[in-house]
Amino acid sequence: MSVNQISVFLENKPGTLSEMTKVLAEAKIDVRAMSLAETRDFGIVRMIVADVYEAMNSLKEADFICSLTSVLAFEITDEPGGLGKIVDGFTQAGVNIEYMYASLSGKHTGQAYMIFRVADTKAAEAFLVGKGYIPLTQEDIAGI
Amino acid sequence: MEHYYQEEIECASPEQIRKIQDEKLRDQVKHVWDNVPYYRKKMEEAGVKPEDINSVDDLHKLPFLSKADLREAYPYGLLGVPLKDCVRIHSTSGTTGKRVVAFYTQGDIDLWEECCARAICAAGGTEEDVCHVAYGYGLFTGGAGLHGGSHKAGCLTVPISSGNTDRQIMFIMDLKATILCCTPSYAAYLGERMKELGYGPNDIPLKSGIFGAEAWSQEMRADIEKTLGIKAYDIYGLTELSGPGVSFECSAQQGMHINEDHFIAEIIDPDTLEVLPEGSEGELVFTAIDKKAFPMIRYRTRDICSLTREKCSCGRTHVRMQKPKGRTDDMLIIRGVNVFPSQIETVLLNHGYAANYLIVVDRVNNTDTFEVQVEMTPEMFTDNLGEIEDRQKELTDGLKAMLGIKAKVSLVAPKSIARSEGKAVRVIDKRKI
C-alpha cells in the first residue's frame, strides 16, 4: 500500500519556503515527514501530511504548483542497523531507490518512519511484505 | 462566406485602387505643402514641389518623416488643419521616448472607424454579433478604434475597456460575446483565467478575436485559439497613422490587408533608404493619403516586414503585409546579436510553456548577460528533478537554435511575472551603456 507524497515547486529565493509553511499552518496541516531537494535555481519540497486533500487544496489556492507521487512508508525500529535491513530488502527485490528521507518520531517510541521513492513500487512492496515489512497506509499516517 | 464591410473597395481591381491612390496622393501632397510648414520645408530642402508628384510612381521623391520629426514638431508642428477643425486627439504610450500626440478631424475619425469596421467584418462581425472591446479606452487608440469600428459594423458593442478580469469574464459569458478585441497578451491571460474558472473552449460563446498593438507569434495564436475556442485575427496600426486598422487579417490568416484606399505602403532598406521590390524584407513606410489633421507622408514605422500582392483566397485585393518580425524599437542587441522578443515567445510556446515570460539583460564585466524567466506550469511540473532539468536544457537549446546565442533559463513561481492588461512588459534591460 503506497501513500501519497506532495511535491511542491519552489523558486530558489529567500522567503518561498516560509510562505509555503505559512499556508500549511493556516490550513492546520500536520506534516509527518519532509525533505527539500534543490538545483541551482529551484527546489522541490517533498512531504507526507496527515490530510493530503486539504493540503493540496490550500497549496493550489495559494498558487503553488504541486503534484502527488506514490511513495512507500515503513515504520522501522530505531536502532543501529534498522535502516540497513529494509534497504537490503529493496536490494534483494532488485528495485532501485530513487530517493528516501526519514521522520524520527521522538526519543521514547523506539520507532522511526522511512519514506522511499522507488522505480517499481509494486514489486518492492510485494517483496517486502513477504519479508514481514508492512507499509503504512494513508490512514496510518493520519493517525500517527 | 467571406463577409465584407465595403466590398466594392476591398475587392476593387488593382487599377481602380491605383487610380484612387494617384488622385488622393496628389491632393494630399498639395494639402501638406499648403498647410504644414514643417513638411514643406523638408520638401523644399529635397527640391520637390507638389507639381512633381503626379502618381504613386513619384512617391519616392518625397522626404521621409520619422519619430524624430514627430518629437521635434511636438505638439502642433505637423498639424494640417486649424485646431478648431480637430475633434479629438490620441496619444501613444510613450514607451520608446516622447509621447506622440495625433490629431483627428471628424472625417479622419470616420475613415479610421471604417478601417476598423472592415477588420471586424473580416472576423465575421455582423449585426447579430456582440463585440467585447477590452482594449484600453482613453488616449490609447485601441479602445476607441475598435469601438467605432464595431458601431459601424453594426455589432452590439460592449465598451468594457481593460482591467477587472473576472468582470470581463462575467460579461463575456452573460452577454454571450462573440468577438473579443484586446491585446494578444491579455487574450492569453483571459483564456488562462477562464480555464481556471472551469470554462472550456466549448463553454465560451466567443467565435473570433481581433488582437493587436503588440507583437505575437503564430504559436501564441494557436494557443489562444485553442483555449478560447476562437479564430484569432491579427490587426495592425499606429497612432501616427490613426490607430488599429491600417491593416487587418482576413479568414485566410496569411498576412494583413493594408487599407490601400487610405494608406500607401512601401518597404525600404533602413540603411540606404532605397525602396525595395515586392517581397523583400525591410522597413515598412506609410503614406496616409486622406487623413487631414495629422497627414503623415512616408512615415517610417520601424517595423520590419515584407509585402505581397499575391491573390488572396478571401477575395480582397489590397496588398498584404506579413506580421512584422518585431518593431526595430523592440529589438534587443545582445552580445552583438539581434533578438526579437517574439522569437523567444515562439520557442517557449513550442516547448509547452506559457507565453508569459520576462527577458532580463544586464552587463557584467563587459559581457551581456541574458536571462529568460519562465513560469513553471502544473503541466510542466514533475517530482523528478532530472526531468525538469532536462526540459530546462531543451528550452535553452531551443533558444540557442532560434537566436544564435545562449540564454540562461530560470524557472520561476507561477504568477510571479506581472500580467499586464495593456501592453506587456517583456524586457528589463539593466545595461548602462
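Bear in mind the structure is a predicted one, so any value in this text is a computation, not a measurement.

Trainee: Just to check I follow, could you spell out the sheet that holds strand β5 (residues 97-104) of chain A for this structure?
Mentor: Sheet strands pair by backbone hydrogen bonding; their relative direction is either parallel or antiparallel. Residue and element names in this part refer to chain A. Here 6 strands make up an open sheet; going across it, the order is β2-β3-β1-β4-β6-β5 and the pairing antiparallel. Two strands bound the open sheet, and with one partner strand each, they are β2 (31-38) and β5. In this sheet, adjacent strand axes meet at a mean angle of 30 degrees when their direction is disregarded. Direction of pairing for strand β1 (residues 3-11) relative to strand β3 (residues 42-49): antiparallel, over a ladder of 6 bridges. Of the residues in β3, the one forming a bridge with L10 is G43. Along the sheet, helix α4 (residues 121-130) contacts β4 (66-77) and β6 (111-118); its crossing angle with β4, the most-contacted strand, is approximately 15 degrees.

Trainee: Teacher, can you tell me more about the interface of chain B and chain A here?
Mentor: Quite often, the size of an interface is put as the accessible area lost when its parts meet. Between chain B and chain A, the residue contacts involve 19 residues of the former and 18 residues of the latter. Interface area for chain B against chain A, summed over the two sides, is near 1500 Å², with a carbon-plus-sulfur share of 64%. Ranking the residues of chain B by area buried against chain A places F381, D383 and L385 of chain B at the top, with a combined share of 47%. Here chain B is connected to chain A by 3 salt bridges.

Trainee: I would appreciate a short explanation of the sheet that holds strand β9 (residues 256-258) of chain B in the present structure.
Mentor: Residue and element names in this part refer to chain B. One open sheet holds the 9 strands; their spatial order is β4-β3-β5-β6-β7-β8-β9-β14-β13, and the pairing between them is mixed. The open sheet has two edge strands, β4 (156-158) and β13 (307-308), and neither has a second partner. Sheet analysis places strand β5 (residues 179-182) next to strand β6 (residues 208-212), joined by 4 bridges and oriented parallel. Pairing of C182 across the sheet is with F211, part of β6. Strands β3 (130-133), β5, β6, β7 (231-238) and β8 (243-249) of the sheet are contacted by helix α5 (residues 106-122), whose axis makes an angle of about 35 degrees with β8. On top of the sheet, helix α6 (residues 141-153) reaches β3, β4, β5, β6, β7 and β8; it is set at about 60 degrees to β8, its chief contact.

Trainee: When you look at the packing of aromatic side chains in this model, what are you seeing that I'm missing?
Mentor: When we look at a pair of aromatic rings, we describe it by the centre distance and by the angle of the planes. Applying the stated criterion across every chain yields a total of 13 aromatic pairs over all chains. Relative to F294 of chain B, the ring of F103 of chain B lies with its centre 6.2 Å away and its plane at 55 degrees, an arrangement referred to as tilted. Taken as a pair, F103 of chain B in strand β2 (residues 101-104) and F294 of chain B in the loop between β11 (282-288) and β12 (299-305) lie far apart in primary sequence, 191 residues in all. What makes F103 of chain B buried here is its relative accessible area of 5%. The class for F294 of chain B is buried, based on a relative accessible area of 3%. Taking the centre distance of 6.1 Å and the plane angle of 50 degrees together, the rings of Y186 of chain B and Y189 of chain B count as tilted. Taken together, the positions of Y186 of chain B and Y189 of chain B, both in helix α8 (residues 184-196) and 3 residues apart, correspond to about one turn of that helix. Through successive ring pairs, a cluster of aromatic residues spans F74, F90, F116 and Y133 of chain A. Stacked on the ring of Y99 of chain A, the Lys or Arg R46 of chain A has its end atom at 3.6 Å from the ring centre. K291 of chain B extends its terminal NZ or CZ atom over the ring of Y104 of chain B, reaching a point 5.8 Å from the ring centre.

Parameters at a glance
Residues numbered from 1 in each chain as written. Chains lettered and ligands numbered in written order. Predicted model: local features only at pLDDT ≥ 70, side-chain atom pairs only at ≥ 80, totals over all residues. Heavy atoms only, no water. Pairing = 2+ DSSP bridges. Helix = DSSP H or I, 4+ residues; strand = E, 2+ residues; numbered from the N terminus. Axes fitted to C-alpha atoms, helices over the stretch in contact; angles between N-to-C directions. Contact = heavy atoms within 4.5 Å. Buried area = accessible area lost by both parts, 1.4 Å probe. Salt bridge = Lys/Arg side-chain N within 4 Å of Asp/Glu carboxyl O. Phe/Tyr/Trp six-rings, centres within 6.5 Å; stacked < 30°, edge-to-face > 60°. Buried < 20%, exposed > 50% of the residue type's maximum accessible area, 1.4 Å probe, protein only. Lys NZ or Arg CZ within 6 Å of the ring centre and 35° of its normal.

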